[in-house]
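Close look at the chain arrangement
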Amino acid sequence: MSTATTTTNPVAALFAWLWFQILTFVHSGWMFVPWVRPHWHLENMADQRDRVVVITGGNSGTGYATASAYYTRGARVLLLCRSAERAATAVADLKRGGVANVLSQMEYSPVDDKHAGTVEYIPCDLGDLHSVHEAARMIAERVDRVDVLFANAGVLGMSGHTKQGYPLQFGTNVLGHQRLISLLLPLLRKPRPRPARVISIASAAHITAPPGGVDYAALDKGATRDALLEYGESKWGNVALAKYVHAHYGPTCEDGVCSVPAPGEIFSIAVHPGIVSTNLFMHFQTAKWLSHTLTWALKLVMSTASIGSLNQIWAAEVADSAARELSGGYVWCFQERGIERADLVGAAGAQAGDKLWTWCEAQAARQE
Ligand SMILES: NC(=O)c1ccc[n+]([C@@H]2O[C@H](COP(=O)([O-])OP(=O)(O)OC[C@H]3O[C@@H](n4cnc5c(N)ncnc54)[C@H](OP(=O)(O)O)[C@@H]3O)[C@@H](O)[C@H]2O)c1
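Since this is a predicted model, take the numbers as computed values, not measurements.

Conventions adopted
- Residues numbered from 1 in each chain as written.
- Predicted model: local features only at pLDDT ≥ 70, side-chain atom pairs only at ≥ 80, totals over all residues.
- Heavy atoms only, no water.
- Helix = DSSP H or I, 4+ residues; strand = E, 2+ residues; numbered from the N terminus.
- Near = heavy atom within 4 Å.
- Polar contact = N/O pair within 3.5 Å; in protein donor to acceptor, adjacent residues only side chain to side chain.
- Nonpolar A, V, L, I, M, F, W, Y, C, P; charged D, E, K, R; others polar.
- Axes fitted to C-alpha atoms, helices over the stretch in contact; angles between N-to-C directions.
- Parallel < 35°, antiparallel > 145°, perpendicular 65-115°, else oblique.
- Contact = heavy atoms within 4.5 Å.
- Left-handed = near helix turned anticlockwise from the far one by under 90°.
- UniProt positions renumbered as here; feature names shortened; annotations may be inferred.
- Salt bridge = Lys/Arg side-chain N within 4 Å of Asp/Glu carboxyl O.
- Patch = residues over 30% accessible without salt bridge, like charges linked within 9 Å, V, L, I, M, F, W, Y side chains within 5 Å.
- Areas by Shrake-Rupley, 256 points an atom, 1.4 Å probe, with all protein chains shown as cover.
- Buried < 20%, exposed > 50% of the residue type's maximum accessible area, 1.4 Å probe, protein only.
- Pairing = 2+ DSSP bridges.
- Phe/Tyr/Trp six-rings, centres within 6.5 Å; stacked < 30°, edge-to-face > 60°.
- Lys NZ or Arg CZ within 6 Å of the ring centre and 35° of its normal.

**A look at the environment of K299**
Among the structural elements, K299 can be located in helix α9 (residues 295-301). Taking the C-alpha atoms as reference, K299 lies 8.7 Å from S277; in sequence the two are 22 residues apart.

**Digging into the site of the ligand**
Around the ligand, the structure places 30 residues, and the nearest of them are N59, S60, R82, Y231 and T278. Contact between the ligand and K235: an oxygen atom at 2.9 Å from a side-chain N or O atom of the residue. Secondary structure elements with two or more residues in the shell around the ligand: α2 (61-71) and α7 (227-249). The residue makeup of the shell around the ligand, split by class, is 12 nonpolar, 14 polar and 4 charged.

**Some points on the packing of helix α5 (residues 168-188) against helix α13 (residues 346-367)**
Packing of α5 against α13 leaves a shortest axis separation of 10 Å and a crossing angle of 85 degrees. It follows that α5 is roughly perpendicular to α13 by the angle criterion. Across the interface between the two elements, F170, V174, L175, Q178, R179, I181, S182 and L185 from α5 touch L356, W357, W359, C360, E361, Q363 and A364 from α13. Tallied by class, the residues present in the contact of α5 with α13 amount to 10 nonpolar, 3 polar and 2 charged.

**Some thoughts on the packing of helix α4 (residues 129-142) against α5**
At a closest axis distance of 9 Å, the pairing of α4 and α5 adopts a crossing angle of 25 degrees. With respect to α5, the element α4 is oriented roughly parallel. Crossing of α4 over α5 shows right-handed handedness. Where α4 approaches α5, its residues L129, V132, H133, A136, I139 and A140 are matched on the opposing element by L175, G176, R179, L180, L183, L184 and L187. Residue composition of the contact of α4 with α5, grouped by class: 10 nonpolar, 2 polar and 1 charged.

**A short note on the environment of T293**
By the secondary structure assignment, T293 is in helix α8 (residues 285-293). At 2.7 Å, the side chain of T293 and the backbone oxygen of W289 are in polar contact.

**Considering the UniProt feature "transmembrane region" (unreviewed entry) in the chain**
Following the UniProt record, one finds the feature "transmembrane region" (unreviewed entry) at residues 12-33. Structurally, residues 12-33 comprises 68% helix and 0% strand, and the distance from its first C-alpha atom to its last is 27 Å.

**Describing the pattern of salt bridges**
One pass over the structure, following the stated rule, counts 18 salt bridges. We note a salt bridge from R49 to D47, for which the minimum N-O separation is 2.6 Å. If you follow the salt bridges from partner to partner, you end up with D144, R145, D147 and R192 in one network.

**Concerning unusual backbone geometry**
Negative phi values dominate among residues other than glycine, just as trans dominates among peptide bonds. With an omega of -20 degrees, the peptide bond between C333 and F334 qualifies as cis. Secondary-structure assignment places F334 in the loop between β11 (330-332) and β12 (336-337). The backbone of S104 sits at a positive phi, close to 65 degrees, despite the residue not being glycine. As for its placement among the helices and strands, S104 is situated in the loop between β3 (98-100) and β4 (106-108). Positive phi, normally seen in glycine, also occurs at Q335, with a value near 50 degrees.

**Side note on a nonpolar patch on the surface**
On the surface, V11, L14, F15, W17, L18, W19 and I22 cluster together into a nonpolar patch covering about 760 Å² of accessible area. Here L14 shows up in helix α1 (residues 10-26).

**Examining the pairing of strand β10 (residues 266-271)**
Within β10, 6 of the 6 residues are buried, which leaves it mostly tucked inside the rest of the structure. As paired strands, strand β7 (residues 196-201) and β10 are joined by 6 bridges and run parallel to one another. Residue V198 lies in a different strand from β10, and its bridge partner there is S268. Bridging between β10 and β11 involves 2 bridges; their strand directions are parallel.

**A word on the side chain of H27**
You can see H27 is positioned in the loop between α1 and β1 (52-56). In this structure H27 comes out as buried when scored by relative accessible area, which is 12%.

**A look at the packing of aromatic side chains**
Throughout the structure, instances matching the rule amount to 8 aromatic pairs. For the pair F25 and W30, a centre-to-centre distance of 5.4 Å together with 35 degrees between the ring planes defines the contact as tilted. Of the residues examined, F25 reaches a relative accessible area of 43% and is grouped as partly exposed. With a centroid separation of 6.0 Å and 80 degrees between ring planes, the pair formed by Y166 and W359 is classed as edge-to-face. With Y166 in the loop between β6 (148-151) and α5 and W359 in helix α13, this residue pair connects regions lying 193 residues apart in the sequence. Both residues of the pair, Y166 and W359, belong to the buried class. One cation-aromatic arrangement involves R96 over Y108; the distance from NZ or CZ to the ring centre is 3.8 Å.

The structure is reproduced here in structure tokens:
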């Protein structure tokens, strides 16, 4: 599918742009759009025994819900979190069968111990490249392969800088995740019957990124800009990272026909989770107030974290034949291949991914 924004006719270009905005809005996962609903549920999820699943930000929101789905089906779940205290609470909640409701309050139902897997905490602050390096080292010490990596953690609308001085949102959402993916490549590419998957949690908000996607000049200066523009830039970066991993380690597809599995192949998919009621917005006073006073309105707009996690779990669990074709793509609500902004489609997307990956690798080299 194409956004057709490359047309030279200005009227056609305007209509193509408008159509893209409408489609993006409809597929954002608003609960008041009744015909956009999940059509894949956890009942369809296979047994996960013997699977190793790494989740960044697994202590909250969609990351926690993802951890719960894998843990209760027998996987070995590695939670990468920046706070030991919040990680310990999450591990205890997972073991008690905690599920967050739309107000992000835990409701508990017993876990079937016979089917449950294991869950471990690995300290990882994505806003500190040294911490990411240490986390990757600890993972390699504990497991000999990674089956699914959910690059899930994120911050929205927060200003400030990471430990190494990068704007906080880009530094956390993109640079930290790029480092982690890069360091985990040997474990992701270990030969196995089913190729590994890297699921990058992006957002429909990637369409608000600045022209060209990433303002490298601003990043190089460590300059902060409008917080929501920076968020869009970071989510655009998450899609571009998924494109890079696909282009360099994913299956080769031509005219919709994808090659047979190759050794070390990774399926890399970017995902928008929906409009999800999580802690992501809770540093905005208005969001906090709305969630406490207008709960009915919240339910009209937002889904629970369990629903919000379905897109990413589906992308990790859909049959290999479908994942092979989905690799390098972007999934919007719900369980549908979506349309990325035009500067991420086709050759432009591949180039954007290469440029971003190279820039991130250069930042890591500066820290060594
Ligand atoms: N909620 C939505 O409507 C929505 C829509 C589109 C995309 N997304 C994306 O979905 C992903 C998950 O967000 P969510 O909605 O589940 O929000 P959330 O409940 O706030 O979860 C975010 C997770 O990221 C972790 N995190 C933040 N900074 C980190 C750092 N420096 N190092 C390690 N972990 C860090 C948080 O840890 P702490 O608990 O320690 O803060 C938390 O576990 C994000 O990438 C977000 O951009 C969400």
